[in-house]
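Report on the structure
Here are the chains, one letter per residue:
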Amino acid sequence: MTDRYQQFAGSPVGRQVIRRLGLPNPVPLRRYEPGQPLLNGPALVGAAPAGRLAETVAGILRKADADVRTATDLPAGTDEAPTRPPRYGALIFDATGITEPARLRELHDFFQPVIRSLTNSARVLVLGTPPDRTGSVDERVAQRALEGFTRSVGKELKRGATVQLGYVAPGAEPNLESTLRFLLSAKSAYVSGQVVTVSETAQPAPAPESWATPLAGQVALVTGAARGIGAAIATVLARDGAHVICVDVPAQGADLSALANRIGGAALQLDITGDHAGDRIAEHARTRHDGLDIVVHNAGITRDKTLANMDAAKWDAVLAVNLASQLRINEVLLGGNVLRAGGRLIGVSSIAGISGNVGQTNYAASKAGVIGMVQALAPTMTERGGTINAVAPGFIETKMTAAVPLFVREAGRRMNGMAQGGLPLDVAETIAWFANPASTGVNGTVLRVCGQSLLGA
Ligand code: NAD
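Structural notes, computed from the coordinates.

Cut-off values and rules
Residues numbered from 1 in each chain as written. Predicted model: local features only at pLDDT ≥ 70, side-chain atom pairs only at ≥ 80, totals over all residues. Heavy atoms only, no water. Salt bridge = Lys/Arg side-chain N within 4 Å of Asp/Glu carboxyl O. Helix = DSSP H or I, 4+ residues; strand = E, 2+ residues; numbered from the N terminus. Buried < 20%, exposed > 50% of the residue type's maximum accessible area, 1.4 Å probe, protein only. Near = heavy atom within 4 Å. Polar contact = N/O pair within 3.5 Å; in protein donor to acceptor, adjacent residues only side chain to side chain. Nonpolar A, V, L, I, M, F, W, Y, C, P; charged D, E, K, R; others polar. Phe/Tyr/Trp six-rings, centres within 6.5 Å; stacked < 30°, edge-to-face > 60°. Core = buried A, V, L, I, M, F, W, Y, C linked by side-chain atoms within 4.5 Å. Contact = heavy atoms within 4.5 Å. Pairing = 2+ DSSP bridges. Axes fitted to C-alpha atoms, helices over the stretch in contact; angles between N-to-C directions. Patch = residues over 30% accessible without salt bridge, like charges linked within 9 Å, V, L, I, M, F, W, Y side chains within 5 Å. Areas by Shrake-Rupley, 256 points an atom, 1.4 Å probe, with all protein chains shown as cover. Parallel < 35°, antiparallel > 145°, perpendicular 65-115°, else oblique. Left-handed = near helix turned anticlockwise from the far one by under 90°.

Moving on, we get to the pattern of salt bridges. Within this structure, the stated rule accounts for 18 salt bridges. Put simply, Arg 151 and Glu 147 hold a salt bridge, and the shortest N to O gap is 2.8 Å. Of this pair, Arg 151 and Glu 147 both sit in helix α5 (residues 137-156), four residues apart, which is roughly one turn of the helix. Of the charged contacts, one joins Arg 413 and Glu 410 as a salt bridge, the two residues approaching to 2.9 Å between their closest N and O atoms. Of this pair, Arg 413 and Glu 410 are both found in helix α14 (residues 406-414), three residues apart, which corresponds to roughly one turn of the helix. A residue is classified by how much of its surface remains accessible, and Glu 410, at 25% relative accessible area, is partly exposed.

The next subject is the site of the ligand. Taken together, 28 residues lie around the ligand, and Arg 227, Asp 248, Asn 298, Tyr 363 and Thr 398 are the ones closest in. A distance of 3.1 Å is found between a nitrogen atom of the ligand and a backbone nitrogen or oxygen belonging to Ile 272. When residues of the shell around the ligand are traced back to their parent elements, those giving at least two are α7 (228-239), α12 (361-383) and α13 (399-402). Grouping the amino acids of the shell around the ligand by side-chain chemistry returns 14 nonpolar, ten polar and four charged.

Let's shift gears to the packing of aromatic side chains. The geometry of an aromatic ring pair is captured by the separation of the ring centres together with the interplanar angle, meaning the angle of the planes. Counted according to the given criterion, the structure contains six aromatic pairs. Measuring from centroid to centroid gives 6.0 Å for Phe 93 and Phe 111, while their planes differ by 65°, and the two rings are edge-to-face. One end of the pair, Phe 93, is in strand β3 (residues 88-94); the other, Phe 111, is in helix α4 (residues 105-111), with 18 residues separating them in the sequence. Each member of the pair, Phe 93 as well as Phe 111, carries the same accessibility label: buried. Three or more aromatic residues joined by ring pairs form one cluster here, namely Phe 93, Phe 110, Phe 111 and Phe 149.

A word on the nonpolar core. Counting residues in each nonpolar core, the largest one holds 68 residues, and the members touching the most others are Leu 61, Ile 92, Leu 237, Val 244 and Cys 246. The element that contributes the greatest number of residues to this core is α7, accounting for eight residues. Setting aside anything within four residues of it in sequence, one finds Leu 61 in contact with Leu 38, Leu 39, Ala 43, Val 45, Ala 66, Val 68, Ile 92 and Leu 184. Counting residues in hydrophobic clusters, the runner-up holds 35 residues, among them Ala 277, Val 321, Val 370 and Leu 377.

Before going further, it helps to spend a moment on the side chain of Asn 298. Tracing the sequence through the fold places Asn 298 in the loop between β10 (292-297) and α10 (312-335). What makes Asn 298 buried here is its relative accessible area of 10%. Not counting residues up to four positions away in its chain, the partners in contact with Asn 298 are Val 222, Thr 223, Gly 224, Ile 229, Gly 230, Ile 233 and Val 348.

In space, the six strands of this open sheet follow the order β2-β1-β3-β4-β5-β6, with parallel pairing throughout. Bordering the open sheet on either side are β2 (68-70) and β6 (194-198), each of which pairs with just one other strand. For this sheet, the mean angle separating the axes of adjacent strands, direction not counted, is 20°. Pairing between strand β5 (residues 162-168) and β6: five bridges, direction parallel. Of the residues in β6, the one forming a bridge with Tyr 167 is Thr 197. On the sheet, α5 packs against β4 (118-128), β5 and β6 and is oriented at approximately 165° with respect to β5. Sitting on the sheet, helix α6 (residues 177-184) is in contact with β3, β4, β5 and β6, with an inclination near 150° to β4.

This part takes up a nonpolar patch on the surface. There is a patch of nonpolar side chains on the surface, built from Met 415, Leu 454 and Leu 455 and spanning about 260 Å² of accessible area. By the element assignment, Met 415 lies in the loop between α14 and α15 (424-435). Owing to a relative accessible area of 37%, Met 415 belongs among the partly exposed residues under this scheme.

Attention now moves to the sheet that holds strand β9 (residues 266-269). Ordered by their spatial adjacency, seven strands build an open sheet running β9-β8-β7-β10-β11-β12-β13, and the pairing between neighbours is parallel. Among the strands making up the open sheet, the edge pair consists of β9 and β13 (446-449). The sheet shows a mean angle of 20° between the axes of neighbouring strands, taken without regard to direction. Strand contacts of α7: β7 (219-223), β8 (243-248) and β10, with the helix running at about 170° to β7, the strand carrying the most contacts.

As a further point, take the packing of α10 against α12. Two measures define how a pair of helices packs: the angle their axes make with one another and the distance between the axes. Direction vectors running N to C along α10 and α12 enclose 15°, while the axes themselves pass 8 Å from each other. With respect to their mutual orientation, α10 and α12 come out roughly parallel. Our pair here, α10 against α12, has a crossing hand that is right-handed. Each of Lys 314, Trp 315, Val 318, Leu 319, Asn 322, Leu 323, Gln 326, Leu 327, Asn 330 and Leu 334 in α10 lies in contact with α12, whose residues at this interface are Thr 361, Asn 362, Tyr 363, Ala 365, Ser 366, Lys 367, Gly 369, Val 370, Met 373, Leu 377 and Met 381. In the contact of α10 with α12, the residues fall into twelve nonpolar, seven polar and two charged.

Set out below in structure tokens:
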């Protein structure tokens, strides 16, 4: 869908009007294209003394051909003639060495001189230790404080830059690479102000043979794949090497087949609320592929009305598609081991499921339920060597949001750090990161893809 305001903001006249009136400025975001460099400029890597991650991070960046600089590389100016730092594509600070609140000052000292020196769509990343894995009250407090710092930085950044906090558990260093590559690359264009935890696993996460096609040889299933976010998910998983089974209702059969053909996948027409939906998926996966590696529960519907005006049919329809069907399908796929060991379950929640929304009691209940599903199944998935995670999209430009009344639509588009809606691709890239075999250390996460929306922030 066209964002006419963003088009106007990009024109010479629009730029002037927006600057003079202080209106939101939705700059074009850098998005991933195959072969693109990881970063949009050099990376400055710093660390608090005794940090345990800076070396690992610098090693991963160099392997990805990034230009890595450290504080000692900073140009030395004088008080009279301070040297302007270069524009950085990324600022990364290892804060794991901060063991007491007084030392939080090290965040200020690293970021303050360079925070203005960022390229468009630059990345800011703070790395810490999960507060519940720290050794003392002081350390726990200091590590928890990182969250307030990063979320506030996100609200100050401009020109498509993002900031995240990565909590890396002791022993999880070998599992960091896929998350680092996602959070620093253009794949996370519409993710900002988020906290991601990387945990240690029984076996270190395997590095893919190629980071361009990490899903090579894998079989994925995506529901609601005929259009919108589902079509983008199927396309990105196929780009990353997976064979994708695309599921949608028979009424969407033509679009579904066209997509499946385009991406070299298969089309499976079925209503996921049907009594035998799980069995039909299991049969298809078993007979043709001997199982599945990735299941993305994307299909979802809205039937909006305020609670006082909502009939039971609207309530039931939304809960059936968005939640109950997914639980039933999971039972069949997990019970029958159709989802192979090391498999991925991925849900699609919504920021409405976090913050609530007028007219969406049914939808928000279902989407909060998806978060419950992630939390309930995370330990089971750990036992199977796999993971379950979910995305919580904010305002994404699709047919679903095109149907929203104009005023609400404009509010949704602008009330976030990027002053624009996200694209289905942004949700799809996040799901591809969860799906990556190298992301085994990320389990039980609900990641917002919302441009740091003010809703439920
Ligand atoms: P969409 O309406 O464009 O597409 C949804 C697809 O799901 C359709 O192809 C539809 O036919 C299919 N579907 C619906 N019921 C089905 C059923 N019973 N069985 C099989 N397929 C079925 O929606 P979208 O905007 O692409 O949303 C995709 C997901 O993202 C949904 O779960 C939605 O709730 C969620 N989401 C969207 C946004 C947004 O801004 N668009 C924000 C937050 C969450």
